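Residue strings, one per chain:
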Amino acid sequence: MRLTVIGTGYLGAVHAACMADIGHDVLGVDTDTRKIEALAAGRAPFFEPGLPEILARNIRNGRLRFTTSLAEAADFADLHFVCVGTPQRADSLAADLCHVEAVVDGLAPLLTRDSLVVGKSTVPVGTARALSRRMAARLRPGVDSEVAWNPEFLREGFAVQDTLTPDRLVVGVTSPEADRMLRDVYAPMLRAGVPYVSTDPATAELVKVAANSFLATKISFINAMAEVCDASGADVVTLADALGHDTRIGRRFLSAGLGFGGGCLPKDIRAFLARAEELQVGEAVSFLHEIDRINQRQRRRTVDLAFQLLGGTLAGRRIAVLGATFKPDSDDVRDSPALAVTEQLVDLGADLRVHDPEGLDNARVALTGPVYCADVMEACKDADLVLHLTEWSQYRALDPVALSEVVRAPRMLDARNVLDQAAWRGAGWQLRALGRPAHVPPPGQGDALRVTIPQSVAPAACAAPAPGDPLSGAPK
Ligand code: UGA
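Conventions adopted
- Residues numbered from 1 in each chain as written.
- Predicted model: local features only at pLDDT ≥ 70, side-chain atom pairs only at ≥ 80, totals over all residues.
- Heavy atoms only, no water.
- Buried < 20%, exposed > 50% of the residue type's maximum accessible area, 1.4 Å probe, protein only.
- Helix = DSSP H or I, 4+ residues; strand = E, 2+ residues; numbered from the N terminus.
- Arc of directions from axis to C-beta.
- Contact = heavy atoms within 4.5 Å.
- Pairing = 2+ DSSP bridges.
- Axes fitted to C-alpha atoms, helices over the stretch in contact; angles between N-to-C directions.
- Near = heavy atom within 4 Å.
- Polar contact = N/O pair within 3.5 Å; in protein donor to acceptor, adjacent residues only side chain to side chain.
- Areas by Shrake-Rupley, 256 points an atom, 1.4 Å probe, with all protein chains shown as cover.

1. What to know about helix α3 (residues 51–60)
Line of reasoning, step 1. Looking at α3, one finds that the buried residues are L51, I54, L55 and N58. In a view along the axis of α3, the buried residues occupy a sector of 100°, so they form one face of it.
Line of reasoning, step 2. Those residues of α3 that are buried lie in contact with α1 (10–21), α2 (33–40), β3 (64–67) and α7 (159–164).
Line of reasoning, step 3. Of the residues one or two after α3, G62 is the one with positive phi, at around 80°.

2. Description of the sheet that holds strand β14 (residues 430–433)
Line of reasoning, step 1. One open sheet accounts for six strands, arranged β11-β10-β9-β12-β13-β14; its pairing is parallel. Either end of the sheet is taken by a strand with one partner, and the two such strands are β11 (371–373) and β14. Averaged over all neighbouring strand pairs, the angle between strand axes comes to 20°, with direction disregarded.
Line of reasoning, step 2. Pairing between strand β10 (residues 351–355) and β11: three bridges, direction parallel. Directly across from V354, in β11, lies its bridge partner Y372.

3. Quick notes on the site of the ligand
Line of reasoning, step 1. F153, L154, E156, N212 and F326 are the nearest of the 21 residues found near the ligand.
Line of reasoning, step 2. For the ligand, an oxygen atom lies 2.9 Å from a polar atom in the backbone of S255.
Line of reasoning, step 3. Within the side chain of R416, a nitrogen or oxygen atom sits 3.3 Å from an oxygen atom of the ligand.
Line of reasoning, step 4. When isolated, the ligand has an accessible area of 720 Å², and the protein chains bury 89% of it.
Line of reasoning, step 5. Secondary-structure elements contributing two or more residues to the shell around the ligand are α10 (201–232) and α12 (265–278).

Note that all results are geometric; they support no functional claim without further evidence.
Quick look at the structure:
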């Protein structure tokens, strides 16, 4: 089939390349000339494992091309996927729909044949219907067009895999023809047994927003439990493991730590809150405010714990930060919890050295203040504290003995709860994590070693260095 993909960000670039890979003739469209030039040359404009290979292969075999011309897109195909961004508005929690509206406004008058426009961007429920009216008002006489919705569930870092082997396909259509066209597009996946849910556009739009809200809720739930663990001496990792054995609950998205960030979960729950208010059902999803608050609190708790570990003085203390991106296997720093913590510590006067395997270029643009280091050892040199903020696998593989020879004091805050605590403590590190005891209690004696997290990082609450703490202020 011939199809276009309008918008070539994370979603669109991957969708275009994967649609070509399953045999379609694809034209990718974007207003950003630099992005289009890079893609046309087979270069992914962002880090995504597997994408460069799939791009190059399909450009070589002629099934994938790129353009900045909407007119060329209108001429090329009768099926257009819309993959442009829907960021949070600057003045409210709502999603900014100006990019999807611009696509419809630009494309509609250029269409000369009946067409199917399929939105994939995450949008508030009711958007397809509104866009359909907008489209109809701009079409040439005699030309008809349907707006359908086909939300995307890909995760950054696994985008190619998630697109080629999705766990479900959801389409919201208003005609059997649209359903048939979309079944044809995804025929290889349907043959492979991928569940296909065909519904109305409103339900399809809502599936996406509800899925991201559920995932965010799961993460904030376990982070709330981590706070209770800190107050009671319990261990949130063991708690999550035990909960996860219940197949009704499941272990995935139950990893406590610094919380969620990125270009999707935070803005999607806020846009959902805003849309529910408009629909007069704000109360039904008001719990999402709390989900957001719990999530933001993890950033503050991490700063508080860093403060406590440094004995209450941050000014001039050197802190190494491992990870700047919002998650591993991505170079995306949008609403990155790691960068938010880094920024707060810079503001409090600490001397920050940040390492990230792929995100340094984006981090440098997003946050000035820290020193960015291409090498982990360089970032950790003479550090009074190391913060593990994004769980890249290479950090799990670090040798705690070798690292202890580089830092000024072997203190580690594992804000992602993935480092081997016994190995790091065995190598002489003072290791702390959110929701986990400061020391490993002997079985059955957890209460004897109860830990207290400071109330706040506000100067008045500065904790004095713990008496007898062999690490407080001790130069290496
Ligand atoms: C998310 C959804 O997982 C995708 O299904 C969806 O398609 C996508 O948003 C989107 O709307 O486009 P993504 O933003 O790539 O995907 O990231 P996730 O893997 O969901 O992680 C989000 C954040 O949650 C990260 O900061 C991660 O570190 C954090 N997280 C995840 C936790 O703190 N704990 C967990 O147990 C899992």
